[in-house]
Amino acid sequence: MVSPTEPQAKTPTKPIVYPDSDGKPMADNTLQFRWIVTIKENLELIFADNPDVFVAGDLLWYPIEGNNKLRVAPDVLVAFGRPKGERGSYKQWQENDIAPQVVFEILSPTNTLKEMGRKFLFYNDYGVEEYYIYDPEKNDLSGWLRGEAEVPEMARLEIIEEMNGWVSPRLEIRFEMNAETMELYRPDGSPFLDYNTVQQRLQQAEQRAETAEQRAETAEQRAHQLAARLRELGIDPDALE
C-alpha cells in the first residue's frame, strides 16, 4: 500500500522592501544644494494653496510594484493630482498610478554622461512630461517636453530647442538665461527667491503680524480703560454707541 504524499509546506514569501534612501547624498556641493532647495521651495510656495500638487526633493520614485531595483531620485519632482503630505518614497502604484509630470536635475562635477543617460531613459519610459537639467557651474540649461503621438504610450520626450524665455506648460514658470546664471520667474512674474531670502521674508511677515496683533491688543486695553472711566463718571459707554 502506497502512503499518500504529504503536501509540501509553502515557503512564505517575504514582503518586498522599498528603501527610502539609496545611500547617495542629496548634493555634492553647496552650489548644487542651493539650486535644488531654491527650486523645490519656490515651487512649494507657488502651489501652497493647491492641495493636489505634491512637490519633493531627492525622493526615491518607484514606478512599478514588485521591483525595488527600478528607481530614481530626481533632485526635484512635481506630481499633479496627488495630495500633499509626508512620504518616505514615491511608490507610483500607491499614487493612483500617477507618474511625476515634471522633474529637475541639477548637475554637479561627479555626474557622468552614463548616469544622466540612464535617468533620461527612465524619465522617457515612465511618463515624465517635462524634464529640465541645469548645470550651474557651466550655466547650461536643457529641457525636454513630451511630444504627441497617435498612440499616447508611444509619445517620447523631445528636446526644447530654445530654453531662454521658455514657459513650462505645467508649472507656468519662466526660464531666463543671462551670461552668468539661470533666472526663474513665477506665474505672476516675480522672481524665484533663494532659501535665505524666503526665510527672511517669512520672518518679516510674522513680525508684522505680531506687531499688528500687539497694536490691536493695546487698542482693546485702552478701550476697556476708557469704558471703565466713563462708568466711574456715571456714564454708560454702551449708550454712546
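Heads up: the structure comes first, above all this text.
Residues numbered from 1 in each chain as written. Predicted model: local features only at pLDDT ≥ 70, side-chain atom pairs only at ≥ 80, totals over all residues. Heavy atoms only, no water.

What about the pairing of strand β5 (residues 102–106)?
Taking burial as the measure, the five residues of β5 include five buried ones, the bulk of the element. Side chains of β5 alternate between two faces, with V102, F104 and I106 and V103 and E105 buried alike. Of the pairings in the sheet, the one linking strand β3 (residues 76–80) to β5 comprises three bridges and is antiparallel in character. Opposite V78, over in β5, you have V102 as the bridge partner. Looking at chain direction, β5 and strand β6 (residues 130–135) are connected through five bridges and run parallel. Bridge pairing links F104 to Y132 in β6. The parallel pair β5 and β6 is bridged by helix α2 (residues 113–125), and the resulting crossover is right-handed. (Buried < 20%, exposed > 50% of the residue type's maximum accessible area, 1.4 Å probe, protein only. Helix = DSSP H or I, 4+ residues; strand = E, 2+ residues; numbered from the N terminus. Pairing = 2+ DSSP bridges. Right-handed = clockwise from strand over helix to strand, strands pointing away.)

Here's the deal with helix α1 (residues 30–46)
In this model, α1 (17 residues) spans 24 Å end to end at C-alpha, consistent with the 24 Å of a helix rising 1.5 Å per residue. Among the residues making up α1, those that are buried are Q32, W35, I36, V37, T38, I39, N42 and L43. Between the side-chain oxygen at the start of α1 and the backbone nitrogen of L31 there is a gap of 3.2 Å, and the oxygen is on N29. (Expected span 1.5 Å × (residues − 1). Polar contact = N/O pair within 3.5 Å; in protein donor to acceptor, adjacent residues only side chain to side chain.)

Regarding the sheet that holds β3
The strand order across the open sheet formed by six strands is β1-β3-β5-β6-β7-β8, and the pairing between neighbours is mixed. The open sheet has two free edges, formed respectively by β1 (53–57) and β8 (157–159), since each of these has just one partner strand. In this sheet, neighbouring strand axes are inclined to one another by 15° on average, regardless of whether the strands run parallel or antiparallel. Sheet analysis places strand β7 (residues 140–146) next to β8, joined by three bridges and oriented antiparallel. The residue bridging W144 from the neighbouring strand is I159, located in β8. Sitting on the sheet, α1 is in contact with β1, β3, β5 and β6, with an inclination near 160° to β5. (Axes fitted to C-alpha atoms, helices over the stretch in contact; angles between N-to-C directions. Contact = heavy atoms within 4.5 Å.)

Topic: the packing of aromatic side chains
In the structure shown here, the tally under the stated rule is 16 aromatic pairs. Between F104 and Y132 the ring centres are 5.4 Å apart and the planes differ by 35°, which places this aromatic pair in the tilted class. Of this pair, F104 sits in strand β5 while Y132 sits in strand β6, and the two are 28 residues apart along the sequence. Like F104, the residue Y132 is buried in the burial classification. Taking 4.7 Å as the distance between ring centres and 35° as the angle between the ring planes, the aromatic pair formed by Y132 and F175 counts as tilted. Linking Y132 in strand β6 with F175 in strand β9 (residues 174–177), this pair joins segments that are 43 residues apart in sequence. Among the residues examined, Y132 registers a relative accessible area of 1% and is labelled buried. (Phe/Tyr/Trp six-rings, centres within 6.5 Å; stacked < 30°, edge-to-face > 60°.)

Some points on a negative patch on the surface
Together, E206, E210, E213, E217 and E220 give the surface a local cluster of negative charge. Locating E217 in the fold gives a position in helix α3 (residues 195–232). Judged by its relative accessible area of 41%, E217 falls in the partly exposed class. (Patch = residues over 30% accessible without salt bridge, like charges linked within 9 Å, V, L, I, M, F, W, Y side chains within 5 Å. Areas by Shrake-Rupley, 256 points an atom, 1.4 Å probe, with all protein chains shown as cover. Salt bridge = Lys/Arg side-chain N within 4 Å of Asp/Glu carboxyl O. Lys, Arg positive; Asp, Glu negative; His and termini not counted. Charge placed at Lys NZ, Arg CZ, Asp CG, Glu CD.)

Quick word on a positive patch on the surface
Together, K24, K69, R71, K114 and R118 make up a region of like positive charge exposed at the surface. Here K114 shows up in helix α2. Exposure remark for K114: the relative accessible area of 62% places this residue in the exposed category.

What to know about unusual backbone geometry
Residues apart from glycine generally show negative phi values, whereas peptide bonds are mostly found in trans. In this structure, N139 is a non-glycine residue whose phi angle is positive, near 55°. With a phi close to 65°, E172 is a non-glycine residue in the positive phi region. Assignment of secondary structure puts E172 in the loop between β8 and β9.

Considerations on the nonpolar core
I39, L43, V78, F104, Y132, L171 and F175 are the most contacted members of the largest nonpolar core, which has 26 residues in total. Those elements that provide at least two residues to this core are α1, β1, β3, β5, β6 and β10 (182–185). The biggest single contributor to this core is α1, with four residues. Every residue in contact with L43, bar those within four places of it in the chain, is listed here: V55, V76, V78, F104, L171, I173 and F192. By size, the runner-up hydrophobic cluster in this structure holds 20 residues, among which are W61, V72, L107 and F122. (Core = buried A, V, L, I, M, F, W, Y, C linked by side-chain atoms within 4.5 Å.)

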